[in-house]
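Fold and contact review
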Amino acid sequence: RTTDFTSDVNILSSQTLYNIQNAEAWKDDLGRYHAVAYLERSTTAEIYRGKIDERTARVNHLLANAANQGDVLKRYATLRAAYRHAIEADGLLRQLKVIHPRSVPGSTPSYSMNKLRDELITTAKQIKVKVDVDGDDEKRMTATLQEFITGYGFIVGQPSVLEMIGKVDVTDTGEREQGLVFVRYELTLRIRAANGDVLVTVRDKGREAHKTLDQARTRSFRTLENAIKTGGAQLLDAHFDALID
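Residues numbered from 1 in each chain as written. Predicted model: local features only at pLDDT ≥ 70, side-chain atom pairs only at ≥ 80, totals over all residues. Heavy atoms only, no water.

Re helix 7 (residues 213-242)
Taking 1.5 Å of rise per residue, the 30 residues of helix 7 would be expected to cover 44 Å, and the 42 Å separating its terminal C-alpha atoms lies within 8% of that figure. Of all the bends found along helix 7, the most pronounced is centred on Gly-232 and spans about 30°. Of the positions making up helix 7, those classed as buried are Ala-216, Ser-220, Phe-221, Leu-224, Glu-225, Ala-227, Ile-228, Gly-232, Ala-233, Leu-236, His-239 and Phe-240. Turning to helix 7, the residues buried within the fold contact helix 3 (72-99), helix 6 (140-150), strand 5 (162-177), strand 6 (180-193) and strand 7 (198-210). (Helix = DSSP H or I, 4+ residues; strand = E, 2+ residues; numbered from the N terminus. Expected span 1.5 Å × (residues − 1). Bend = angle between axes of the 7 residues up to and from the residue. Buried < 20%, exposed > 50% of the residue type's maximum accessible area, 1.4 Å probe, protein only. Contact = heavy atoms within 4.5 Å.)

In structure tokens form, the structure reads like this:
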């Protein structure tokens, strides 16, 4: 008999499955390609149990380190890494429930995902951040940075654990070409600890153009916002990863 798995494939296409074996592939008379893939339940379950156990061990190790960590930034970074591994273990466990349900009880982690998430949120709220951007008369970059830090669960306030000190400059170049107005933009942003140590530096500069000066300025600020959300996030993530023992 023939079964159409199109809907299932679309739903599961974002998942990674381990120990997949390819049995056969062929082309039908209409030019469509078909493939058969399979996995052996018991041996695949063993692979999954090993991967879950590995991530569970990492989570327990990181939780023990976090409990003994006095520095709030290091504690946050440690819990953040633990939660990331816990998410991975949970995804593997969900797949194992389908592949080999009998293996699930012996592979279920001892820690509580909800408790770990709550501890991470509580720690993040202890990290207050000062935001100060020179040249941001309309407070647009300030609002972007505040949104950026709240994405990590941090709070804008004092006394600060982190400081985001920036300078933004958008100026009219005086150039006019084909009905377009050109502006030059430049941003320097430093994320530093309360003691003044610089943890992350983000720099971006360039030109933007539009039909009016206000539209060109708006486009330049949009470009700078993207630089913060992408480049800034990557650098800050890397810094937190580097704090983990």
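Observations concerning the nonpolar core
Ile-127, Phe-154, Met-164 and Phe-240 are the most contacted members of the largest nonpolar core, which totals 48 residues. By residue number, the principal contributor to this core is helix 3, which donates 10 residues. Phe-240 has contacts with Leu-73, Tyr-76, Ala-77, Arg-80, Tyr-152 and Phe-154, leaving out every residue within four places of it along the chain. Counting eight residues, the second largest nonpolar core, distinct from the first, contains Ala-45, Leu-92, Leu-93 and Val-104. (Core = buried A, V, L, I, M, F, W, Y, C linked by side-chain atoms within 4.5 Å.)

Topic: the packing of aromatic side chains
Note on aromatic pairs: each is described by the distance of the centres and the angle between the planes. If you walk through the whole model with that rule in mind, you get seven aromatic pairs. Here the aromatic rings of Tyr-76 and Phe-240 are separated by 5.1 Å at their centres, their planes lie at 70°, and the arrangement is edge-to-face. With Tyr-76 in helix 3 and Phe-240 in helix 7, this residue pair connects regions lying 164 residues apart in the sequence. Residue Tyr-76 is classed as buried on the basis of its relative accessible area of 4%. (Phe/Tyr/Trp six-rings, centres within 6.5 Å; stacked < 30°, edge-to-face > 60°.)

A look at the sheet that holds strand 7
The sheet built from five strands is open, its strands ordered 4-3-5-6-7 with mixed pairing. Among the strands making up the open sheet, the edge pair consists of strand 4 (155-156) and strand 7. Where strand 6 lies against strand 7, 12 bridges are found, and the strand directions are antiparallel. When the bridges of strand 7 are listed, Val-181 appears paired with His-210. (Pairing = 2+ DSSP bridges.)

Looking at the pairing of strand 5
In terms of strand pairing, strand 3 (residues 128-134) meets strand 5 through six bridges, oriented parallel. Bridging from a neighbouring strand, Asp-134 pairs with Lys-167 of strand 5. For strand 5 and strand 6, the ladder comprises 13 bridges, and the chain directions are antiparallel. Paired with Thr-171 across the strands is Arg-184, a residue of strand 6. In this antiparallel pair of consecutive strands, strand 5 and strand 6, the connection spans two residues, and Gln-178 shows a positive phi of 55°.

Focus: the packing of helix 2 (residues 41-67) against helix 3
Direction vectors running N to C along helix 2 and helix 3 enclose 160°, while the axes themselves pass 8 Å from each other. Put simply, helix 2 runs roughly antiparallel to helix 3. When you trace helix 2 past helix 3, the crossing you get is left-handed. When grouped by side-chain class, the residues that make up the contact of helix 2 with helix 3 number 17 nonpolar, five polar and seven charged. (Axes fitted to C-alpha atoms, helices over the stretch in contact; angles between N-to-C directions. Parallel < 35°, antiparallel > 145°, perpendicular 65-115°, else oblique. Left-handed = near helix turned anticlockwise from the far one by under 90°. Nonpolar A, V, L, I, M, F, W, Y, C, P; charged D, E, K, R; others polar.)

Let's talk about the pattern of salt bridges
Per the stated rule, a full pass over the model turns up 11 salt bridges. Across the pair Asp-28 and Arg-32 runs a salt bridge whose closest N-O atoms are separated by 2.9 Å. Note that Asp-237 is salt-bridged to Arg-80, the shortest N-O span being 2.6 Å. Within this pair, whereas Asp-237 is found in helix 7, its partner Arg-80 is found in helix 3, the two being separated by 157 residues in sequence. The partly exposed category is assigned to Asp-237, whose relative accessible area is 25%. Each of Arg-80, Arg-84, Asp-237 and Asp-241 takes part in salt bridges that share partners, so that together they form one network. (Salt bridge = Lys/Arg side-chain N within 4 Å of Asp/Glu carboxyl O.)

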